[in-house]
Amino acid sequence: MSVYSMNKILYLTENDAAFRQRIQTEAEAVVKEFPLTDEEFRAFTSGDILAVFNMGVHPFLLSNFSRHGLFGVTDKNYFPRIRGEEKVS
Amino acid sequence: MAKLVMAVGVPHGPMIPWQIANEPGKHAAEGLMKDVREQLEAAEPDVIIETTSDHFNNFSFQHLSQFCLGIVDQAEGPVETYCPMPPQVMKGHPEMGKALLTYGLRSGFDLGVAQELRLDHSVLVPLHVLTPNMEIPVVPLYTNGLVPPLPQTRRCFNLGRMIRRFVEDWDRDLRVAVVASGVFSLEIGGPKFGTVDEEWTSAVRSMLEGGKHESLIRRATEPRMLAAGNVSGELLNWVTMAGTVGEIKPKFLETERGRGYAVWKLD
């Protein structure tokens, strides 16, 4: 379990402009630099924010997915996804 | 001796300054903030203690204090990407910050210290709107209101009582105001986003209106606050402020959509 690392990625995305630019251009490679489990990596990089939320990532940090357009998450699909109304395959 | 002259509480929504500047007459926050600002200006404070909650801009899981004083000459912001307002420079009051730190340690409150701050909307929206010239120095007191487990509500109230004693014992001829920053009911990023717990908002309002702080402490448990939304622990900033005013009633109190705007006059 590395909920800490997922929180940290989302924290850095909002607070570190250079990190933000990197994750927005080479997203998977940047996430690979952190010690996520396979399950966490899959959920995180497929934009399955409900799964990431259920793993314990803080919702305030989670909103950085749509705020910064990570892994296909947008303002439009964020809430349908976190409410389980839109599944991520 | 220093004197606590006023305590106020307001929300800090990151869009409030933009809404006031660009959509005048459209948002309840505009008029309510103006009401609070005029009363704060009339109290003529020399220094402000702002009770607030960081939103993962200074602190994150790498280090998360439950309570932390900002002891800085000055600091800037807003640093976040989602708060469209003009850049601000907040003047600190390191002398007061250090004196409060020491007084707290000697009376059983071991507060953390940050000597460099990245200010976010939770600090700057109230200051920008209530003190637009940004000339009054500020000691921010950060409380963890966002990341459960939260500090105990009674602990926050007692922290406020300690702050009141500090102010009254402080050997400086200064007028002090407390500004509490935060909401009663709000969810960000979670499944309940967009809903407001009107029942809780109304209960909090009624307890504050009646000066029933003991009831507020008993009822504002962590589960009850979080049931009202995942950032509703920001109420703790109001509870700390309530501890500074004693059992008196507010001079002004309004609520809208989970937010409170209030003034306690002590002078």
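Shown above is the structure to which this text applies.
In short, a report on the structure. Model, not experiment: these values are computed from the prediction. (Residues numbered from 1 in each chain as written. Chains lettered and ligands numbered in written order. Predicted model: local features only at pLDDT ≥ 70, side-chain atom pairs only at ≥ 80, totals over all residues. Heavy atoms only, no water.)

1. Quick notes on the overall build of chain B
Each helix and strand counted, chain B has nine helices and ten strands in total. Its C-alpha atoms put chain B at 45 × 40 × 40 Å along the principal axes. For chain B, buried positions account for 58% of its 267 residues. A separation of at least 24 residues holds for 83% of the contacts in chain B among residues at least 6 apart in sequence. By element, 49% of the accessible surface of chain B is carried by carbon and sulfur atoms, the whole surface being about 10,500 Å². If the 26 positive side-chain charges of chain B are averaged to one point and the 33 negative ones to another, these points end up 6 Å apart. (Helix = DSSP H or I, 4+ residues; strand = E, 2+ residues; numbered from the N terminus. Buried < 20%, exposed > 50% of the residue type's maximum accessible area, 1.4 Å probe, protein only. Contact = heavy atoms within 4.5 Å. Areas by Shrake-Rupley, 256 points an atom, 1.4 Å probe, with all protein chains shown as cover. Lys, Arg positive; Asp, Glu negative; His and termini not counted. Charge placed at Lys NZ, Arg CZ, Asp CG, Glu CD.)

2. Some thoughts on the layout of surface pockets
A volume near 770 Å³ is recorded for the largest pocket. Taken together, 30 residues line the largest pocket, and the ones lying closest to its centre are Pro14, Leu186, Glu187, Ile188 and Phe193 of chain B. Those elements that provide at least two residues to the lining of the largest pocket are helix H7 (64-67) and helix H8 (75-82) of chain A. By residue number, the principal contributor to the lining of the largest pocket is H8 of chain A, which donates three residues. Residue composition of the lining of the largest pocket, grouped by class: twelve nonpolar, twelve polar and six charged. Of the pockets and cavities examined, the second largest pocket occupies roughly 190 Å³. In terms of lining, the second largest pocket is formed by Pro17, Ile20, Ala21, Glu30, Met33, Lys34, Arg37, Pro86, His128 and Val129 of chain B. When residues of the lining of the second largest pocket are traced back to their parent elements, those giving at least two are helix H1 (16-22), helix H2 (28-43) and helix H4 (121-130) of chain B. (1 Å grid on protein atoms, 1.4 Å probe; cavity = no way out; pocket = protein on both sides within 12 Å on 5 of 7 lines; lining within 4 Å. Points joined across faces, edges and corners; volume = space filled by probe spheres on them. Nonpolar A, V, L, I, M, F, W, Y, C, P; charged D, E, K, R; others polar.)

3. Here we look at empty space enclosed by the protein
For the structure shown, the criterion picks out two cavities of 30 Å³ or more. One number sums up the size of the largest cavity: a volume of about 120 Å³. Contributing to the lining of the largest cavity are 16 residues, with Asp54, Phe59, Leu64, Thr143 and Asn144 of chain B lying nearest its centre. Looking at the lining of the largest cavity, the elements that each hand over two or more residues are strand E3 (67-70) and strand E7 (138-143) of chain B. Looking at the second largest cavity, its volume works out to about 40 Å³. If you trace the second largest cavity, you find it lined by Glu14, Asn15, Phe60, Leu61, Asn64 and Arg67 of chain A together with His55, Phe56, Asn57 and Tyr82 of chain B. Counted by class, the lining of the second largest cavity contains four nonpolar, four polar and two charged residues.

4. A short note on the pattern of salt bridges
All names here are of chain B. Evaluated as defined, the whole model comprises 15 salt bridges over all chains. Ionic pairing is found between Asp197 and Arg224, a salt bridge with its closest N-O pair at 3.0 Å. Residue Asp197 is located in the loop between strand E8 (175-181) and helix H6 (198-209), and its partner Arg224 is located in helix H8 (residues 222-227); the two are separated by 27 residues in the primary sequence. For Asp197, a relative accessible area of 17% gives the class buried. Salt bridges linked by common partners bring Lys3, Arg175 and Asp267 together as one network. (Salt bridge = Lys/Arg side-chain N within 4 Å of Asp/Glu carboxyl O.)

5. What to know about the sheet that holds E8 of chain B
Residue and element names in this part refer to chain B. Spatial strand order, E6-E3-E7-E2-E8-E1-E10-E9: eight strands in an open sheet with mixed pairing. In this open sheet, the two strands that pair with only one neighbour each are strand E6 (112-114) and strand E9 (252-256). With strand direction ignored, the average angle separating the axes of adjacent strands in the sheet is 20°. Pairing geometry for strand E2 (residues 47-52) and E8, over five bridges, is parallel. Paired with Ile48 across the bridge in E8 is Ala177. Each of strand E1 (3-10), E2, E7 and E8 is contacted by H4, which is oriented at about 140° to E2, the strand it contacts most. (Pairing = 2+ DSSP bridges. Axes fitted to C-alpha atoms, helices over the stretch in contact; angles between N-to-C directions.)

6. What to know about the pairing of E7 of chain B
Residue and element names in this part refer to chain B. Along E7, six of the six residues are buried, which leaves the element largely enclosed by surrounding structure. Covered by surrounding structure in E7 are Val138, Pro140 and Tyr142 together with Val139, Leu141 and Thr143, the residues of both alternating faces. The pairing of E2 with E7 spans five bridges and is classified as parallel. Counterpart to Ile48 in the pairing with E7 is Val138. Where E3 meets E7, three bridges bridge the pair, whose relative direction is antiparallel. What sits directly across from Phe67, in E7, is Thr143.

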